[in-house]
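# Close look at the chain arrangement
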Number of protein chains: 2
Amino acid sequence: MAPETVATDALTPDMPSLPTPCLLLDETRMAANIARFNRRLARQGLLSRPHLKTCKSMAVAQRMLHSPTGPATVSTLAEAEYFAAHGVTDICYAVGLAPGKLDRVLALRRTGADLSVVLDAARTVTLLDMAAASLVGADDAPVPVLLEVDCDGHRGGLSPEDDELLATARAVQASPFFQLRGVLTHAGGAYARADTAHIARLAREEGEAVLRAARRLREADFDCPVISVGSTPTALLGEYPQGVTEVRAGVYPFMDLTMHALGVCALADLALSVLTTVIGHRRSDGALLVDAGWMALSLDRGLEERFPQWGFGLVCTADGTLLPGFRVSECHQEHGVIRALAPDGTPDPRACAQFSPGSRLRILPNHACATASRHDVCHVLRQGRITACWERMRGW
Amino acid sequence: MAPETVATDALTPDMPSLPTPCLLLDETRMAANIARFNRRLARQGLLSRPHLKTCKSMAVAQRMLHSPTGPATVSTLAEAEYFAAHGVTDICYAVGLAPGKLDRVLALRRTGADLSVVLDAARTVTLLDMAAASLVGADDAPVPVLLEVDCDGHRGGLSPEDDELLATARAVQASPFFQLRGVLTHAGGAYARADTAHIARLAREEGEAVLRAARRLREADFDCPVISVGSTPTALLGEYPQGVTEVRAGVYPFMDLTMHALGVCALADLALSVLTTVIGHRRSDGALLVDAGWMALSLDRGLEERFPQWGFGLVCTADGTLLPGFRVSECHQEHGVIRALAPDGTPDPRACAQFSPGSRLRILPNHACATASRHDVCHVLRQGRITACWERMRGW
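Let us look at the structure shown here. Everything numeric here is computed off the predicted structure, so don't read it as measured data.

### Focus on the packing of aromatic side chains
Residues and elements named next belong to chain B. Enumeration according to the criterion identifies eight aromatic pairs over all chains in this entry. With a centroid separation of 4.3 Å and 20° between ring planes, the pair formed by Phe307 and Trp310 is classed as stacked. Per residue, the accessibility class of Phe307 equals that of Trp310, and both read buried.

### Re helix H4 (residues 102–110) of chain B
All names here are of chain B. By the burial criterion, the buried members of H4 are Leu102, Val105, Leu106, Leu108 and Arg109. Viewed end-on, H4 has its buried residues packed into an arc of 165°, placing them on one side of the element. Buried positions along H4 lie against helix H3 (77–85), strand S5 (114–119), helix H5 (122–133), strand S6 (143–149) and strand S7 (178–185).

### Details of the interface of chain A and chain B
Across the contact, 58 residues belong to chain A and 58 residues belong to chain B. Among the residues of chain A in contact with chain B, Arg155, Arg283 and Trp396 of chain A are the three that bury the most area, contributing 16% of the side total. The interface formed by chain A and chain B contains nine salt bridges. Close ionic contact of Arg394 of chain A with Asp376 of chain B constitutes a salt bridge, the shortest N to O distance being 2.7 Å. Counting across the chain A and chain B interface gives 18 residue pairs in polar contact (both at pLDDT 80 or more).

### Side note on the nonpolar core
Of all hydrophobic cores here, the largest spans 272 residues; its most connected members are Leu147, Val183 and Phe326 of chain A together with Leu147, Val183 and Phe326 of chain B. Beyond its immediate stretch of four places on either side in the chain, Phe326 of chain A contacts Leu288, Leu314, Val315, Ile338, Arg339, Ala340, Ala351, Cys352, Gln354 and Phe355 of chain A.

### Let's talk about helix H7 (residues 196–219) of chain B
All names here are of chain B. Over its 24 residues, H7 runs 34 Å from end to end, which matches the ideal 34 Å to within 8%, given 1.5 Å per residue. Every buried residue of H7 is accounted for by His198, Ile199, Leu202, Ala203, Glu206, Gly207, Ala209, Val210, Leu211, Ala213, Ala214 and Leu217. Of the surrounding elements, those touching the buried residues of H7 are S6, helix H6 (163–174), S7, strand S8 (226–229) and helix H8 (232–237). Remark: Asp221 follows H7 within two positions and exhibits a positive phi of approximately 70°.

### A few points about the sheet that holds strand S7 (residues 178–185) of chain A
Residue and element names in this part refer to chain A. Ordered in space as S2-S9-S8-S7-S6-S5-S4-S3, the eight strands form an open sheet in which the pairing is parallel. Two strands close off the open sheet at either side, each with one partner strand: strand S2 (47–48) and strand S3 (72–74). Running over the sheet, helix H6 (residues 163–174) touches strand S5 (114–119), strand S6 (143–149) and S7 and is turned about 175° from S6.

### As for the relation of the copies chain A and chain B
Mapping between the two chain copies consists of a rotation about an axis together with a translation along that axis. Each copy superposes on the other: chain A lies on chain B with an RMSD of 0.0 Å after a rotation of 180° and an axial shift of 0.0 Å. Look at the turn and shift together and you get a two-fold axis relating the two. Minimal C-alpha distance to the rotation axis in chain A is attained by Leu299 of chain A, lying at 2.8 Å. A share of 100% of the interface residues of chain A reappears at the interface of chain B, consistent with the copies meeting face to face through the same patch.

Definitions and limits used
Residues numbered from 1 in each chain as written. Chains lettered and ligands numbered in written order. Predicted model: local features only at pLDDT ≥ 70, side-chain atom pairs only at ≥ 80, totals over all residues. Heavy atoms only, no water. Phe/Tyr/Trp six-rings, centres within 6.5 Å; stacked < 30°, edge-to-face > 60°. Buried < 20%, exposed > 50% of the residue type's maximum accessible area, 1.4 Å probe, protein only. Helix = DSSP H or I, 4+ residues; strand = E, 2+ residues; numbered from the N terminus. Arc of directions from axis to C-beta. Contact = heavy atoms within 4.5 Å. Buried area = accessible area lost by both parts, 1.4 Å probe. Salt bridge = Lys/Arg side-chain N within 4 Å of Asp/Glu carboxyl O. Polar contact = N/O pair within 3.5 Å; in protein donor to acceptor, adjacent residues only side chain to side chain. Core = buried A, V, L, I, M, F, W, Y, C linked by side-chain atoms within 4.5 Å. Expected span 1.5 Å × (residues − 1). Pairing = 2+ DSSP bridges. Axes fitted to C-alpha atoms, helices over the stretch in contact; angles between N-to-C directions. Least-squares fit on C-alpha atoms with pLDDT ≥ 70 in both.

Laid out in structure tokens, this is it:
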């Protein structure tokens, strides 16, 4: 691994007073990541509908959103409620709607939010209709629905060629409570393989799958104004075909080791890190013990088959300079174990000896969503100083 | 897998109104698990110093603790502060103390809490002394110290034979700010191998390691009143040798699939589960999609080498009856994917078809600490009814 410097921020005078472990967000990098993403979408004439499940923070969302009211994407109704309470009104709830959650969807829509929902089966429409019968009032407009399309077999959704696609659209059209707004897909498979040409191909396939579904719906005389795709890797490494109307992505402001592994960003673009304190050394092998275990880092192993030497995260000094060969090799609840490798790949316990108990280090996470989700706040670094502490919302 | 019934609680009338995903705690099972643990320790004349990092809840802690004031163990200072605010005063902070955290230790002790700390190197004492010089006041009694002993190479600590053990004790004795109280170890290696005879042997070795360390200290004229061991598997499957004074364990009220795999408990003892709602079926393979992903379950894979068929958790109906062959096979942020195997081990997608969108299921977690840590509250089930909602504390 090259001794790449991953931060320009010098150690801030106020950073030593932060209790560890804690989450740091480099605002300068985040701003550059957001600008890059928006430029790329603008060149393709695409609307960004940022996914707010990674940030879970209005302070970050307002830097991602096109306007104070959206558009936005969320993965829980608690997120929808939180962002709506902060003025975001154009929201897509991009996880399949369960009938038991319809009451909260309606309640939020009655506050004026244009909340759309996602489903992928005619049977679900039937079940939602049964729930709606006792919940929907005379003043409630139909709830906009996006049909989830499966572009890569990764999660859920309808294949564009599946007759169930038309059956589901017919069920939505027949319902007095719902209204078809479009189709939506997510190329989750793009996180699996570190090959930029492959991901560029997935972006095309992601778009083509959802466009084929839209074409079938339109040929059958259904309205299908929204054609929604999205993932940070396909958005930044590929080009979506003509006809796609919006892009949902959430990791791009932060980036992480997985995005770096996929070729989406440089290590120097990673905006999130976990600040940790050395609490000791393991006598048997010289490993460093730090106060960031899986409670602070998550157990996400990233692309471990391809990059096993990255463990649960790479390690920087407190000012953000990468420590070549260092990685978090084990995670206990409140203990992280950091080991170092020499340039020839052999264990280098002496490299760890330079850090005394009390020394501070920063850990670059495998997966921004997972690591950030372990923290209630993030401390914002700007030009070498901690300038703010931003809250993150939690729960469902 | 036998079609073992894992719950006696019938589906409660109030359970359908709980928003999902959420954490359920079966109080009857928890009470039985705690009683079994306490009986076993009482038979050996051992003091229980429960580890409160798993429950992070005063409501659970008061059922675990010998008295309202303790003794107790914690893994963060935020836990110490939370439990002290609820009247627990005898607390061991069982993660190596970093010099930057001494101020919070002293502040808590000044409120009257008998908070002890852990360290494992003479150099750490030197660094702590430097920090203490400007923090400790004339009215502050010395901070009690336990020396961490390494019994299995699993995490940190001093080998009982290491000369550094005596050097560290001398450093503590020489310090005006600290006072030696004893030795402490944790048999973390006991979680790695599903073999009850092996774990019983580890319990003996855990005790013998810390007793050898105590003997060396006493031979060198150090006071060493506390000899502390602990882990749920070694406490429940082994016998500690004479001389051990206290046991720290935290998972035992809840149990989990890892404890079951190790032979520590029956499936029917698992008191924690995650209630989830079916949101759809994957068309390609019939898998169930549910609203509990890694945000609700954690990414802990438990003893995956030994029990890969358990995935991210086993699956029960909403009333707690195990669904043989079902497991959570994939976790995304807010999507869990459940697949079923037929008794002959082949995929059984039709078994999933019986659960419509809106159906509720319960997931038994691999690791109680990790899964519980994803939730701010747990809903308490008693005799088939939800009787309470208990808060859990967070942060560091």
